[in-house]
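Letter by letter, the chains look like this.
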Amino acid sequence: MKKLPIGIQSFVKMRQGNFYYVDKTAMVAELVNKGGGYYFLSRPRRFGKSLFLDTLRQAFFARKELFSGLYLENNWDWDTRYPVIHISFGSGVIQDIEDLGERFAYILKINAENGDVMLLEQNLRERFFELIRALYTRHHQPVVILIDEYDKPILDHIDKPQMAVEIREGLKNFYSVIKDSDEFLKFVFITGVSKFSKVSLFSGLNNLQDITLDPMAATVCGYTHEELIHTFAERLDGVNLEEVRRWYDGYNFLGDRVYNPFDILLFLDTKEFRNYWFETGSPSFLIKLITERQYPAPDIETIEASEAILSSFDIDDIQLDTLLFQTGYLTIKDWAVLGSDRLYTLVYPNLEVKKSLTEHLLRYLTNSTAEQTRNRIRLYRCLEAADLDQLRDIFHAFFASIPYEWYRKNESSRYEGYYASIFYCYFTALGLDVTAEQMTNKGRIDMAVRLGGRVFILEFKVVEIDGSAHTALDQIRKMRYWERYRGQADAIFLIGVEFSSADRNIVGFEWERIQTDVSSPC
């Protein structure tokens, strides 16, 4: 049995160490043969970008022995070796603009040594250009430039706009060398998590082709379901593949859906369903942005975004939709043409991301980790028992436990979206099947929760005084929201919840059970 390449980013180590390898080398040939030769690819963290970049690197080094049995073995010119400049900002954290300069100087030094050339220029921008020309002259071949995690120095300081801008301008100065070096270059490939506009970071590099949402490159990173079954067949005995798909599948870049490789490798190692990918990064800045902009958590499931929003990111104008998509917390469900533009519908890719992100958001919204954990246990048990009176008591006690000082500092607690977000995050953090803002032919359901054969339909309302004329439950009755679930559930429960912005708690909680079968009791 081969070894699982957990955390391995070296193609050489992968091929020489008896590790499983999902063959992505056909994409190498396609990119090089396609023409142009200047590419940009954005993918979330831990998605295999670095490994693919190293695969390109070894192919251009003409190391045929590493590609034995792979597609590229018989589909590449192994007689020509190209000089390669490899730049990576993936390790460590760039502290400031001076640190960025020192890091880039070191990267140029290593590349010069590897290419057997000497560098004399003191200015870093000129030294980079000198390196390209020297390699071209020394090896009598055009140069390949591979840049990994090009945006990480900026993203490491995304919560410090002034520092992020300084680092962005420093990187822009370095990257601008590429546009002036075309006559010396064979191929350029740049990867990162986010996509900054060409104006802000790649000014003048007009021939840089973005293949982030090109169907041709949809599966260049990540594993398709077929690749999972084919490559790891001997590791799948007794594995519930449908549950694996529910937890880890679902990323869509306008082609076949893919799994995050990091999730799959760790799951195959432990056979335990856990939040492997999510735990490798902190979404603190994202959580802060969601709460500062008073973005109701249930609305994350109903985001529609234009192509322009998905493909542009900058420090001066951080769009939440863009950040959620590019960092991997949302993916594309489908798209439609709207005039001359495309409109994308975004969703959570899988259970791991939905469950984990809402759990972190809940922790911020409630300001009480211990209380949150106790309530989640009680909540699940009362839903299992269909004890809805206890459900009311759980949430009433919870809202009462939040200190007044927290409410005072958080303006979002005055709005319906805040209270709905608490319910939503509790349910999704439990891993339940939760659908928010679902359209019917009668209107829009605030929230529907599935547990086994039961469906719980919830409607929320904020009231200024107790006892308004029309309750939240009246709204569900009037619009007959339960009808879309007839024949799909053993039991349907309607729940109307009313909140008081003055009391900061539940002031109305009504429920009823809908008879789903003529022979079953109400």
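Residues numbered from 1 in each chain as written. Predicted model: local features only at pLDDT ≥ 70, side-chain atom pairs only at ≥ 80, totals over all residues. Heavy atoms only, no water.

A. Geometry of the layout of surface pockets. Taken as a whole, the second largest pocket spans an internal volume of roughly 780 Å³. Forming the walls of the second largest pocket are 28 residues, and the residues nearest its centre are Glu301, Lys333, Val347, Tyr348 and Lys354. With seven residues, strand 9 (residues 433-439) is the single largest residue contributor to the lining of the second largest pocket. Of the residues contributing to the lining of the second largest pocket, the split by class is nine nonpolar, nine polar and ten charged. (1 Å grid on protein atoms, 1.4 Å probe; cavity = no way out; pocket = protein on both sides within 12 Å on 5 of 7 lines; lining within 4 Å. Points joined across faces, edges and corners; volume = space filled by probe spheres on them. Helix = DSSP H or I, 4+ residues; strand = E, 2+ residues; numbered from the N terminus. Nonpolar A, V, L, I, M, F, W, Y, C, P; charged D, E, K, R; others polar.)

B. Region of the structure containing the pattern of salt bridges. Going through the model one piece at a time under the given rule, you end up with 22 salt bridges. Among the ionic pairs, Asp156 bridges to Lys152, the shortest N-O distance being 2.9 Å. Asp156 sits in the partly exposed class, given a relative accessible area of 27%. Arg168 is the salt-bridge partner of Glu169, the closest N and O atoms lying 3.1 Å from each other. Salt bridges sharing partners connect three or more residues here, namely Lys355, Glu359, Arg363 and Arg376. (Salt bridge = Lys/Arg side-chain N within 4 Å of Asp/Glu carboxyl O. Buried < 20%, exposed > 50% of the residue type's maximum accessible area, 1.4 Å probe, protein only.)

C. Here's a closer look at unusual backbone geometry. Phi is positive for Asp116, which is not a glycine, with a value near 60 degrees. By the secondary structure assignment, Asp116 is in the loop between helix 4 (97-114) and helix 5 (124-139).

D. The packing of aromatic side chains, seen in detail. For the coordinates displayed, the defined rule picks out 40 aromatic pairs. Between Tyr39 and Phe187, the aromatic rings sit 5.7 Å apart at their centres with planes inclined by 50 degrees, giving tilted as the arrangement. Of the two residues, Tyr39 is situated in strand 1 (residues 38-42) and Phe187 in strand 4 (residues 185-192); the sequence distance between them amounts to 148 residues. Overall, the relative accessible area of 0% leaves Tyr39 in the buried class. What links up through ring pairs into an aromatic cluster is the set Phe11, Tyr21, Tyr39, Phe52, Phe60, Phe67, Trp76, Trp78, Tyr82, Phe187 and Phe189. Of note, Lys3 hangs over the ring of Phe19, and the distance from its end group to the ring centre comes to 4.6 Å. Here the basic side chain of Arg342 rests over the ring of Trp335, its NZ or CZ set 3.8 Å away from the ring centre. (Phe/Tyr/Trp six-rings, centres within 6.5 Å; stacked < 30°, edge-to-face > 60°. Lys NZ or Arg CZ within 6 Å of the ring centre and 35° of its normal.)

E. Molecular detail of the sheet that holds strand 1. Taken in spatial order, the five strands make up an open sheet running 2-3-4-1-5, and their pairing is parallel. Among the strands making up the open sheet, the edge pair consists of strand 2 (84-88) and strand 5 (209-210). Both strand 2 and strand 3 (residues 143-148) contribute to a ladder of five bridges, which runs parallel. Across the sheet, residue Ser88 finds its bridge partner in strand 3, namely Asp148. (Pairing = 2+ DSSP bridges.)

F. Broad picture of helix 12 (residues 284-292). Listed as buried for helix 12 are Leu286, Ile287, Leu289, Ile290 and Thr291. For helix 12, the elements touching its buried residues are helix 14 (320-326) and helix 15 (351-366). Where helix 12 terminates, the next one or two residues include Gln294, which has phi positive at roughly 55 degrees. (Contact = heavy atoms within 4.5 Å.)

G. Quick look at helix 7 (residues 161-179). With 19 residues, helix 7 extends 27 Å between its outermost C-alpha atoms, agreeing within 8% with the 27 Å of an ideal straight helix rising 1.5 Å per residue. Taking the largest bend as the criterion, helix 7 deviates by roughly 25 degrees, centred on Asn173. Buried residues of helix 7: Ala164, Ile167, Arg168, Gly170, Leu171, Phe174, Tyr175, Ser176, Val177 and Ile178, and no others. (Expected span 1.5 Å × (residues − 1). Bend = angle between axes of the 7 residues up to and from the residue.)

H. Structural detail: the side chain of Arg103. Among the structural elements, Arg103 can be located in helix 4. For Arg103, which is buried and forms no salt bridge, the nearest opposite charge comes from Asp99, at a distance of 4.9 Å. Of note is the side chain of Arg103, whose polar atom sits 3.0 Å from the backbone oxygen of Ser91. (Lys, Arg positive; Asp, Glu negative; His and termini not counted. Polar contact = N/O pair within 3.5 Å; in protein donor to acceptor, adjacent residues only side chain to side chain.)

I. Structural context of the packing of helix 5 against helix 7. Across the interface, helix 5 lies against helix 7 with an axial gap of 9 Å and an inter-helix angle of 30 degrees. Put simply, helix 5 runs roughly parallel to helix 7. Helix 5 and helix 7 meet at a crossing whose hand is right-handed. In contact with Leu124, Arg125, Phe128, Phe129 and Ile132 of helix 5, helix 7 contributes Asn173, Phe174, Ser176, Val177 and Ile178. Split by residue class, the contact of helix 5 with helix 7 holds seven nonpolar, two polar and one charged. (Axes fitted to C-alpha atoms, helices over the stretch in contact; angles between N-to-C directions. Parallel < 35°, antiparallel > 145°, perpendicular 65-115°, else oblique. Left-handed = near helix turned anticlockwise from the far one by under 90°.)

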